[in-house]
Each structure stands twice: as structure tokens, then as C-alpha cells.
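Topology and contacts: notes
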Amino acid sequence: MNNQVFNLVTDPWIKVIDKTTNQDKEVSLTELFENAQHYRRLAGEMRSQDLAILRFLLAILTTVYSRVDADGVGYEWLEIDTETLKIINSVDEDDYDQSDLQETWQQLFQQGHFSKIVTQYLKRHQKRFDLFGEQPFYQVTADEYDAVVSEKKKVATGSGTVSVKQINRLISESNNTPDIFTPKTDGKKNQVLLDELVRWLIMYQNFTGVTDKTKVDTNEKFSTPSGWLYKLNPVFANGATLFETLMLNLILFTKKEYVAQKPVWEYENLQDYVANRKKLVLPDDLAGLYTAWSRVLHIEWDEQNQPTIFSAGLPMFSNKNAFVEPMTTWKPDLQGGTEDFKPAVKSTRSLGIAMWRNFGQYVNVDKSTPHEPGIVSWLHILEKKGMLASNRRLNLATAVLVSDGNATSQAPVAEIADDLVVKVEVLFDTEGTHRWPERIENIIDLTQQIGKDYWQFVVNMGQIRNLDSRQFASQYSAKFYDRLNEPFKQWLAGLSNDDNRDEKELEWQRTLKKIVLRSAEEFMNSSTSRDIKGITAIRKDKSVIQNIFTSNNDLRYNLKRHLNL
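Residues numbered from 1 in each chain as written. Predicted model: local features only at pLDDT ≥ 70, side-chain atom pairs only at ≥ 80, totals over all residues. Heavy atoms only, no water.

1. Thoughts on helix α14 (residues 436–464)
Look at α14: 42 Å from first C-alpha to last across 29 residues, which is about the 42 Å you get at 1.5 Å a residue. Directly beyond the C-terminal end of α14, a positive phi value near 60 degrees is found at asparagine 466. (Helix = DSSP H or I, 4+ residues; strand = E, 2+ residues; numbered from the N terminus. Expected span 1.5 Å × (residues − 1).)

2. Some points on the side chain of serine 496
Relative to the helices and strands, serine 496 is located in the loop between α15 (469–493) and α16 (501–525). On the accessibility criterion, serine 496 (9% relative accessible area) is buried. For serine 496, the contacting residues outside a window of four places in its chain are Lys423, Glu425, Val426 and Trp436. (Buried < 20%, exposed > 50% of the residue type's maximum accessible area, 1.4 Å probe, protein only. Contact = heavy atoms within 4.5 Å.)

3. Let's talk about the packing of α15 against α16
Two quantities define a packed helix pair, namely the angle between the helix axes and the distance between the axes. One can describe the packing of α15 onto α16 by two numbers: an axis separation of 11 Å at closest approach and a directional angle of 145 degrees. Here α15 runs over α16; the crossing is right-handed. Together, Phe472, Tyr476, Phe480, Arg483, Leu484, Pro487, Phe488 and Trp491 of α15 and Lys504, Glu505, Glu507, Trp508, Thr511, Leu512, Ile515, Val516, Arg518, Ser519, Glu522 and Phe523 of α16 make up the contact between the two elements. The class makeup of the residues in the contact of α15 with α16 is 12 nonpolar, 2 polar and 6 charged. (Axes fitted to C-alpha atoms, helices over the stretch in contact; angles between N-to-C directions. Left-handed = near helix turned anticlockwise from the far one by under 90°. Nonpolar A, V, L, I, M, F, W, Y, C, P; charged D, E, K, R; others polar.)

4. A closer look at the environment of arginine 439
Within the secondary structure layout, arginine 439 lies in helix α14. Arginine 439 gets classed as buried once you look at its relative accessible area, which sits at 11%. C-alpha separation for the pair arginine 439 and aspartate 502, spaced 63 residues apart in sequence, amounts to 9.4 Å. Setting aside residues no more than four positions away along its own chain, arginine 439 makes contact with His434, Arg501, Asp502 and Glu505.

Right, dumping it as C-alpha cells:
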């Protein structure tokens, strides 16, 4: 296998959907950056895998275009090596001109494709993108691995490995806990093609669990960390093509000072990278953050070209107040100070809650929220500078791999992919007291109040039927919100600043009322003699008959009380 070559720059490994044929295909990094405008989107095995690869691609673009303009010419205020495109000297802040980066972004967006400088950069660093190279992609050599782990974990011992079926997040199976319901049979779980392995390697570094126990040697003890993306509640922007998606998420300028980008492959010595990570310092650059490893990996190959993967945990910087991360929502850190925030990570308890129901997490509704997602702030900057059309529909999306919540495993149990579409002018509306974001949040609060009214109706029905009423209500409440999802998302996407805002609110309320009454009607149409006879319930210290008719009347009363119809 020593003579084997698989280079990400020239060999196909990225799955995309072709815009013309609507068929999936595999492309190399070179093909992707030359033809991103011809692809609809990434199309890997999982949406969360697509997100990890999207961030990997963004690390390349951010590195390149923070150093050279759309024509491939270096910025006057930045000294770079013309051969490697690496930065030679730090930038004098008095010379730094942020408008140059703005012009680069705008020129790229307007011309509709990336320039040749991206593939030129990749060719100059091609050796670092070879899965089998002297410095193999997203791995260390055997000597480098042995240098950072304890004696009993060195490669020659054969210990400290993770299997292919463990890094394949469709399986995520350890040798101790077999997974029955997987897309591969037992004999095939540890077999993998090279292109597939590359995709899983990138995803595994981002969504690592904590079942593996080997760690790099450090002076102070540390817990094996999970992958960085596993600690987020991701949000990103989707475009009509892969080019648009990459551009909308390509954050080139937000800070007044210049930030030098350093992706992991630009470290000359990966032992220096490990030493830097031991300091637990949060990267201040996006390329460094997007390519942050959670594991030091080394791969040995057998005669059948199958890998044995050695893995050692790296100390991970904290996600508390890590506002350099643009692709997450935030919430107050209850265990920290009053000004501390951490990502609002999705758990198994919130699997069924659609993205639109947490609208206020994604948008600074009343301008009092101190930290909205960085990607939303970035899009707002583009809107204010006139670089996004006001009538453009923005697609904010999420792809979440949810862990089991077990501190000793953090194994993935579910994947959630969702989105919401809203016009630029609506999302960033500044129309005083009539601002759309505030109105939308109020409508969502009202909708969830109606959801509580329906939940109480189903609780009553559960009591009448002598069932576990709360569990019964939770099941039907989930179905109710499933019915709301598409109508609400369509209503949201159709809003504009030219609307009669009061009428648009009433339009949704009428739709909401129809859905609630139709859901209640299904109970009425399938009622039993027990539902009609009912039970005796105590209300305000009085005995009353509670049956399907009184419960339905209560629901209608609450609708009349809460809706402005």
C-alpha cells in the first residue's frame, strides 16, 4: 500500500448533486471548485457529514481569499509567499483595508464562480491532501503518533484503535456493542472504499463520541473530548447552488483587525499542532476552527487495502463564549457568570421541535439578544452593504447529529435536518414597532399557546379513556406540530415588507384554527361510547361531567380566547 495514491485534489471523493441531471456524482476538490455553480448541493451519506465537508471547503476558501483577491492577486497590505500563498509577515493594522476583502467577496458573488487561484493553491499544497502521502491527509505518521502517546499505546502494540464501523456514523458501532439495524451486514461493516473513508474521516473529527479511551500524553489529565460540531446547534445558509451555499457562508470580513487563517494542513510539523492544542487556546481564525481535530489519527493498511485506524484524543478548547464560531445558536450558561454563553445543543428531549419554533434563537428579534448566530450577523452585514438583494429568499438550515446524552459514550442516536426560508427584507426588517421579526416571534408564541390548548384537549381525552394522559397528549401534540410545520414555513417564506402585516397575521391565525379544529374533529369522528359517556372530573371543587363534547367545547372556548378572529 506504500505506493498507493489517493489525492483529494485530483481524485473524486465529494458527493454532489448535478444541477442539470439531478443525479449524484463524485468529484475531486479541483472539479468542485471549478464547477460549484453547476452543482445543487453536497450529497454525502448524511446531512451532518455534508456540513462537516462544507466547513472543510470553507476553510480552503477562507484561507485563499483572505490572502488574495478574486483575480488571484495578493492584497497590497499583506506579504505572502508567491509559491505557497502562505503569509510571510503579520499585517500592520494601519495598512489593513477591509474593503479589499469586501470587494473580493462581491466580485466572486457577481461573477458566479470561483477563480483559478483556489485550485492553484490546492496544487501547491497537494502533498498534504494525499491519503497515503509522506504527511497523509488528516493523519500523522507512525513516528509522530508514537511521539505523542504513552509507551503502551504506540502503533507496534496494536492497541488504541477504532474500527471503520465506529467512524462510519451510519453505524457507529463499537466492538463491545453491536448495532443490529445498520445499512451494512456484519461482514461488510469494516470494509470501506477510499472515497468513503475520506468523507467519514472528516466527519469523525467533527462528530466524535467518547467511547475511545486513548489520549495524547499531557502534563495534566483531561477527559477525552467529543468533536467540535457535536457541541453545537448548527445553523448555516443554503443557496440555490453549491457555489451560492459556499459564498453565503464564506465569512471574509467582520472584525476591524485582520485575522490570519491557518488550517491544519498548513502546519509544517503536526507535533507543533498537537503542542498548540494542548494549550487549550480557542482558534481566532475560521480555517483553524473548521479543521480542528478531536483525534490524532494514524492509519496502517493491510494487504487487502483495508485500514487499521489508531486514534488518540486531543485536548479540546472550551465552547463557552466561543463567539468566533459562526454556525451555532447560543444560550446563557447557567453554570457560568451572568455574561457567559454556550451553544444551545439539541438533545433527545427536543428532537421533535422544528427550527421555526425556535425562531428567536436564530434572529435577534427585539435587538436585546446579545448573541445571535454569527452566520446571521454576517448575512445582515451583506444586506446592509447592498450585497444581498432585499427580495432574496434566505434559506437558513440546520443539520444536527444528536448524541445519546451519555457522558461515557455520546453515541449518535438521531440526525435532524431542517430549514426555514424567509426574505432578506423580512429577516432584517427595521420598520420600528412593525418589525417583522418581532411580529413573527409573537405569532410563534401564539401558535405555541394554541398548541398548549390542543395538548390540554388531548389530555382530557386521555383521562376519559383511562390512558396515561400526558404520554397520550405528547404523541398527538407531536402529530399536531408536524401538521403545522409546512403551512407555517410556507407562510413565513411568503412574507414581504409590502404586506399588510395585520392581515398576514390574521391569515396565519385562520390557517392555525383550521388545523386545530380538523385535528379535534378526528377525535370526534372516531369517538367511542366511553368518550361520549365521559367521566366525572373535579373542577374548582365541583364535580362535572367531562366527555368528548365538553372537551371540544373547552378547546373552542380557548381558541376564541387566544386568537384575534
